[in-house]
Amino acid sequence: MNYTYKHIWLIAFPVMMSILIEQLINITDALFLGHVGDVELGASALAGIWYLAIYMLGFGFSLGLQVVIARRNGEQRYEETGKTFFQGLFFLLMLAAFLCLLSQILSPVLLKHLITSDDVYNATVCYLNWRIWGLLFSFPLLALRSFLVGITQTKALNMAAFTAVLVNIPMNWLLIFGFDMGISGAAIASSFAEMCSLVVLTIYLFRHIDEKVYGLRWHIEIKILKEIFSISVWSMLQFFVSVAIWFLFFLAIEHLGETELAVSNIVRSVSALFSVIVNALAGVTSSLVSNLIGAGEKGKIFPLCHKIIRLGYVAGIPLIVLALVFHQHIIGAYTENPVIVQVAWLPFMVMLLNYFLALPGYVYLNAATGTGATRTVFVFQLTTTIVYLFCLWGLSHRNVPLAAYWAVEYLFVLGLGVQSVIYLRACRLNFPIK
């Protein structure tokens, strides 16, 4: 359990590629739709975040699932990891079907009351009508990722990620421009890419993972499912809230105008590349911390976090420098509108510099998650969100530049990190999962 920089990177890199699936899908959608029109570009931001909020319910459950699998792996109870995986897979499949049907009924009604522009509303609903069915593929994919990260065998995630990218890019071009399907074509391409990625990971699981050692037999045990859910329910709420505030953020921007909304979508799209590094390293943190606790090595939690943070800065800082130097080319790839390129520069810079606070903030937050204290982490998320929304509300009543809205994110990640460090230092000898 003495994790070196090389060991951490070998585990984290495939996870980065896996997370890149969702992010590159959103980035590709924005790149193509930016050349269709400003309305479609802005609508894809709102629709993408609305979808992501729903998706995060499954992601939150998968994080709790990953924590339990990793704990069993650290305890060398390998057969229990497979049993735990199948309980999570079963739940995520049922949840995906339920959320697809619920979204088809409620999303158009709720969005009608939230979006002021009729054009943006219509485009948003068109996107969601097709995109929501991607949950049927992305949720089982989450279960598979939780299992592989939990047992620290993550190489296959690379193949799944590259498959999704290689499918999504040509499908976007074909459906958006070739078949003239516009924003609906982007949604179909994204869901199809997730399906192909799921197929690749499923084939790998059955070909390369020893089903006897890891207990990979389809068997439903309600007791295990209840244990997973007791851990996961709080992370589900945590991640749902984390994306819900993004949606509220974009609603505030939408009221500023369609240009500001399009600018913010470009900035968010680029920020997704940096969040890949942050989220991958943070996700690996929760798994490795859980493995450490399972092996009885709790004293190594903070040294592990420090190594992960240093690794994140080594990976991220060169990319930040490149993005600052070539910002006009990056923003220009999304749109040919010179006004949007000019307005986007300051928010773009604010977003990039947030990486220095976001990385340690989310690493420490996920270290707390790895201890099994998901309810405590949810409380951290909730209190920080209240402060964040209060600041946004205050800005909305003042004539401030768009960059000021993006700067509030600094306060958000700082609050998460500080609370998590205090918890880990005060309570690190008492962890929930037995």
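Residues numbered from 1 in each chain as written. Predicted model: local features only at pLDDT ≥ 70, side-chain atom pairs only at ≥ 80, totals over all residues. Heavy atoms only, no water.

Peer 1: Account for the overall build of the protein chain, with residues named and values stated.
Peer 2: Assigned secondary structure in the protein chain consists of 15 helices and zero strands. In terms of overall size, the protein chain behaves like a compact globule, its C-alpha atoms giving a radius of gyration of 21 Å where 434 residues would be expected to give roughly 22 Å. Taken along its principal axes, the extent of the C-alpha atoms in the protein chain is 55 × 45 × 40 Å. Split into buried and exposed, the 434 residues of the protein chain put 59% on the buried side. (Helix = DSSP H or I, 4+ residues; strand = E, 2+ residues; numbered from the N terminus. Rg over C-alpha atoms; globule rule 2.2 N^0.38 Å. Buried < 20%, exposed > 50% of the residue type's maximum accessible area, 1.4 Å probe, protein only.)

Peer 1: I'd love a proper account of the side chain of Thr-374, names of residues and values included.
Peer 2: Here Thr-374 shows up in helix α14 (residues 374-396). Exposure remark for Thr-374: the relative accessible area of 2% places this residue in the buried category. In this structure the side chain of Thr-374 is engaged in a polar contact, spanning 2.6 Å, whose partner is the backbone oxygen of Ile-231. Residue contacts for Thr-374: discarding those within four places in its chain leaves Ser-230, Ile-231, Trp-234, Ser-235 and Thr-369. (Polar contact = N/O pair within 3.5 Å; in protein donor to acceptor, adjacent residues only side chain to side chain. Contact = heavy atoms within 4.5 Å.)

Peer 1: Could you give me a rundown of unusual backbone geometry, with the residues and numbers involved?
Peer 2: In the Ramachandran plot, Gln-76 falls in the positive-phi region, its phi being about 65° despite a non-glycine side chain. By the secondary structure assignment, Gln-76 is in the loop between α2 (38-74) and α3 (78-114). Its identity is not glycine, yet Asp-180 carries a phi of approximately 55°, on the positive side. Structurally, the position occupied by Asp-180 is in the loop between α6 (156-178) and α7 (182-208). Residue classification places Asp-180 among the exposed positions, given a relative accessible area of 67%.

Peer 1: So what's going on with the packing of α2 against helix α13 (residues 355-370)? Which residues, and what values?
Peer 2: At a minimum axis separation of 10 Å, α2 and α13 run at an interaxial angle of 60°. Our classification of the angle between α2 and α13 gives oblique. The residues of α13 that touch α2, namely those facing Leu-63, Val-67 and Arg-71, are Asn-366, Thr-369 and Gly-370. The class makeup of the residues in the contact of α2 with α13 is two nonpolar, three polar and one charged. (Axes fitted to C-alpha atoms, helices over the stretch in contact; angles between N-to-C directions. Parallel < 35°, antiparallel > 145°, perpendicular 65-115°, else oblique. Nonpolar A, V, L, I, M, F, W, Y, C, P; charged D, E, K, R; others polar.)

Peer 1: I'd love a proper account of helix α12 (residues 338-353), names of residues and values included.
Peer 2: With 16 residues, α12 should cover 22 Å at 1.5 Å per step; its first-to-last C-alpha distance of 24 Å lies within 8% of that length. Every buried residue of α12 is accounted for by Ile-340, Val-341, Ala-344, Pro-347, Phe-348, Val-350, Met-351 and Leu-352. A distance of 2.9 Å separates the backbone nitrogen of Val-339 from a side-chain oxygen at the start of α12, and that oxygen is part of Asn-337. (Expected span 1.5 Å × (residues − 1).)

Peer 1: I'd like a description of the nonpolar core, backed by residues and values.
Peer 2: Judged by nonpolar contacts, the single largest core of 152 residues is most densely connected at Phe-85, Leu-135, Phe-139, Phe-147, Leu-148, Ile-209 and Tyr-362. Here this core takes 19 residues from helix α9 (residues 258-294), the largest share from any one element. Beyond its immediate chain neighbours, meaning those up to four positions away, Leu-135 contacts Tyr-51, Ile-54, Tyr-55, Ala-96, Leu-99, Cys-100 and Pro-140. Judged by nonpolar contacts, the second largest core, of five residues, contains Ile-25, Ala-164, Val-167 and Cys-196. (Core = buried A, V, L, I, M, F, W, Y, C linked by side-chain atoms within 4.5 Å.)

Peer 1: Hey, could you go over the packing of α2 against helix α8 (residues 222-254) for me, with residue numbers and the actual values?
Peer 2: Contact geometry of α2 with α8 gives a least axis separation of 7 Å together with a crossing angle of 155°. In terms of axis orientation, α2 runs roughly antiparallel to α8. Of the two possible hands of crossing, α2 and α8 adopt the one that is right-handed. (Left-handed = near helix turned anticlockwise from the far one by under 90°.)

Peer 1: Outline the packing of aromatic side chains, listing residues and values.
Peer 2: Summed over the entire model, instances satisfying the criterion amount to 20 aromatic pairs. Where Phe-147 meets Tyr-214, the ring centres are 6.0 Å apart and the plane angle is 85°; that geometry is what we call edge-to-face. Here Phe-147 is found in helix α5 (residues 135-150), whereas its partner Tyr-214 is found in the loop between α7 and α8, with 67 residues between them in sequence. For Phe-147, a relative accessible area of 0% puts it in the buried group. Three or more aromatic residues joined by ring pairs form one cluster here, namely Tyr-78, Phe-85, Phe-86, Phe-147 and Tyr-214. A cation over a ring is seen here: Lys-307 above Tyr-5, with NZ or CZ 5.8 Å from the ring centre. Sitting over the face of the ring of Phe-302, Arg-425 holds its NZ or CZ atom 4.4 Å from the ring centroid. (Phe/Tyr/Trp six-rings, centres within 6.5 Å; stacked < 30°, edge-to-face > 60°. Lys NZ or Arg CZ within 6 Å of the ring centre and 35° of its normal.)

Peer 1: An account of a nonpolar patch on the surface is requested, with residue identities and associated values reported.
Peer 2: Among the surface-exposed residues, Ile-317, Leu-319, Val-321, Leu-322, Val-325, Phe-326, Leu-353 and Phe-356 lie close enough to one another that they form a single nonpolar patch of about 670 Å² accessible area. The greatest single-element share of the nonpolar patch, amounting to five residues, is contributed by helix α10 (residues 301-325). When you line up the elements, Val-325 lands in helix α10. Residue class for Val-325 comes out exposed when judged on its relative accessible area of 54%. (Patch = residues over 30% accessible without salt bridge, like charges linked within 9 Å, V, L, I, M, F, W, Y side chains within 5 Å. Areas by Shrake-Rupley, 256 points an atom, 1.4 Å probe, with all protein chains shown as cover. Salt bridge = Lys/Arg side-chain N within 4 Å of Asp/Glu carboxyl O.)

Peer 1: I'd like to hear about the environment of Met-195, residue by residue, with values.
Peer 2: Within the secondary structure, Met-195 is located in helix α7. It is 37 Å that separates the C-alpha atoms of Met-195 and Ala-403, two residues lying 208 residues apart in sequence.

Peer 1: Account for the side chain of Glu-409, with residues named and values stated.
Peer 2: Along the chain, Glu-409 turns up in helix α15 (residues 402-427). In this structure, Glu-409 is buried with no salt-bridge partner, the nearest side chain bearing the opposite charge being Arg-268 at 11 Å. Excluding residues within four positions of it along the chain, Glu-409 makes contact with Asn-354, Tyr-362 and Tyr-388. (Lys, Arg positive; Asp, Glu negative; His and termini not counted.)

Peer 1: So what's going on with the pattern of salt bridges? Which residues, and what values?
Peer 2: As enumerated under the stated definition, the model contains seven salt bridges in all. A salt bridge links Arg-77 to Glu-75; the shortest N-O distance between them is 3.1 Å. Since its relative accessible area comes to 40%, Arg-77 is described here as partly exposed. A salt bridge links Asp-118 to Lys-112; its shortest N-O distance comes to 3.9 Å.

Worth remembering: the numbers are spatial, not functional.
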